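# Per-entry structural report
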Amino acid sequence: MVMFTTRRSIPELVVPAEPTPSETKFLSGVDNCINLRFYATGIQFFRVRPAEHNHEKPHSIAKAIKAAMAAALVYYYPIAGRLREVPNGELVVDCTAEGVMFVEATADVQLNHLGQPLLPPYPCVEELMFDAGRGDGVVVARPLFSMQVTEFKCGGFCISFEICHCITDGFGVIQFIKAIADLAGGEAVPSVLPVWRREILMARNPPCIRDIFPAYVPFLNGSRGNHRNSDGEDLMLSTPPEAMVTEYLHFTHADIAHLQRHIPIYLRRSVSTFDLLTVVMWRCRTIALGYKPDQQVRLMFTMSMRGKWTRIPRGYYGNAFVYPIVETTVDDLCGNALGHSLELICKAKLDMSLERMKSMVDMMSGLQRGLGSSFTMDNVYYVSDLTRLGHEEIDFPWAQWVGGSILPVRRPSSFHVKCKNGDGEESVVVSVLMQKSAIGRLAKEMAFWLNKPGYTVIPMSSL
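Note that this is a predicted model, so its numbers are computed, not measured.

Here we take up the packing of helix α7 (residues 273-289) against helix α9 (residues 338-350). Between α7 and α9, the least distance of the axes is 10 Å, while the angle of their chain directions is 120°. Classed by the angle they form, the pair α7 and α9 counts as oblique. When the axes of α7 and α9 are compared, the crossing they make is right-handed. Judged by residue contacts, D275, L276, T278, V279, V280 and R283 of α7 engage L338, S341, L342, I345 and K349 from α9. Of the residues that constitute the contact of α7 with α9, the class distribution is six nonpolar, two polar and three charged.

Before going further, it helps to examine the packing of α7 against helix α11 (residues 439-450). Interaxial distance between α7 and α11 falls to 8 Å at its minimum, and their mutual angle equals 140°. Classified by the interaxial angle, the pair formed by α7 and α11 is oblique. The way α7 lies across α11 gives a crossing that is right-handed. Residues V280, M281, R283, C284, R285, I287 and A288 of α7 touch α11, and the partners they reach there are R441, L442, E445, M446 and W449. A class-by-class count of the residues in the contact of α7 with α11 yields eight nonpolar, no polar and four charged.

Every α-helix carries 3.6 residues per turn, so stepping three or four residues along brings you back to the same face. Along helix α5 (residues 253-260), the positions that sit buried rather than exposed are D255, I256, H258 and L259. The arc that holds the buried residues of α5, viewed along the axis, is 160°, so those residues lie on one side. Opposite the buried face of α5, by more than 90 degrees, sit the exposed residues H253 and A254. Those residues of α5 that are buried are in contact with β10 (244-251), α7, β18 (426-435) and α11.

Rules behind the numbers
The numbers attached to residues start from 1 for each chain and follow its sequence in the written order. Since the coordinates come from a predicted model, pLDDT governs what is reported: local features require at least 70, and pairs of side-chain atoms require 80 or more to be given and counted, while whole-chain, interface and lining totals use all residues. For side-chain calculations, the full set of non-hydrogen atoms in the structure is used, while hydrogens and water are omitted. As a rule, the C-alpha atoms of each element are fitted with a line to give its axis, helices using only the stretch in contact, and angles between N-to-C directions run from 0 to 180 degrees. Counting from the N terminus, the helices are the DSSP runs of H or I reaching at least four residues and the strands are the DSSP runs of E reaching at least two. Throughout this description, any angle smaller than 35 degrees is read as roughly parallel, any larger than 145 degrees as roughly antiparallel, any in the 65 to 115 degree range as roughly perpendicular, and the remainder as oblique. By definition, turning the near helix anticlockwise from the far helix through less than a right angle yields a left-handed crossing, and turning it clockwise yields a right-handed one. Contact definition: two residues touch when any of their heavy atoms are within 4.5 Å. For this scheme, ten residues count as nonpolar: Ala, Val, Leu, Ile, Met, Phe, Trp, Tyr, Cys and Pro. Four count as charged, namely Asp, Glu, Lys and Arg, and the remainder, Gly too, count as polar. Buried residues are those whose accessible area, probed at 1.4 Å on protein chains only, stays under 20% of the maximum for their type, while exposed residues exceed 50% and partly exposed ones sit between those limits. Here, the arc refers to the directions that run from the helix axis to the C-beta atoms.

Read these as geometric descriptors, not functional statements.
In structure tokens, the structure reads:
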């Protein structure tokens, strides 16, 4: 694997390019979910377009992007503010225009040295990201966003960022990055204007959790949902972080087509690639972790409310998702055909009515007010679908997006991200955090489903 170091500038604060309102803004009930009090990270790679595109590359890409970010903060001015905790435990944003962190960097390596095709895990990714030291879970009174722009020897570059999850979700941060690209490319205003309107997803007063997934009931009653399998300890909660490792599984178009042969024809027309890969991963992971046949296992996945809750307007950049959950036994999950488990996922999606969404918002908002400290439940596989965030639509007139994703967090969760192989064909990469001792068993199970003896869960770019 290629090894390199970067030369970084001293971090600096970038403030809005024009005066912005000085005010306090409330967050939504979803934003205030205590599970979101951390910084999410991501990275995007770009190759400079050929000269015939008639858009000359700036002399300094980093400085052009920094100026565009200052201009974008005029529209997204709450991101330049600071969070503050109020007496009821909720967070608010003081729009102080104190700014966001920015770092310029150069790397003595060419973009194509990072892999052809460019797939996670990216080599030396820690060199491409500014470490603001925010892994302690503290989000109050700190910059809400930071960015490092690293220029490569070939003229290509990458943008890495870190953003407080309380402010925005994956769709929202990509919208912000697109706005920076629009303004860096010479547009007068962003192509999509931001909408704050966090009152749309505010919890009801008083909260009214009257329609919820049955698997959440014991959690709301104060347990971790393990009332039916108290004889088993969840290894994912008891294993120390140093004994865990994040690995990646790469699924090509042919792999996905092969997996579809394991499900009934009527389901092939209705289930998504995310559903299919999730159920296979859930099954393989469950076997690899060695749960007992009668233990309850759960699948919790993110589901966007955009397009489902009609009051959420275009341009809204707050957190707008809920957590459907599926619960079954190990024996039911692993002893039946894939189609059976897929139908459980489909039912969970269909059951997500408007009232259930409202109850979920009330529950998520209430976590810091006595419903519990977080969504910590036994034997849960958490999954997020990041394939539809629109990374590939980040467009600079003088640079083309070639890869990148939101990066996994050190939690027992999986992210699905979209990539392209060497032929330009789309593929999906799934991250997984597990005990080091279980990775081999996971690979063995996946090799069976893909009919690929010797399948590895560490798909490295061809370097």
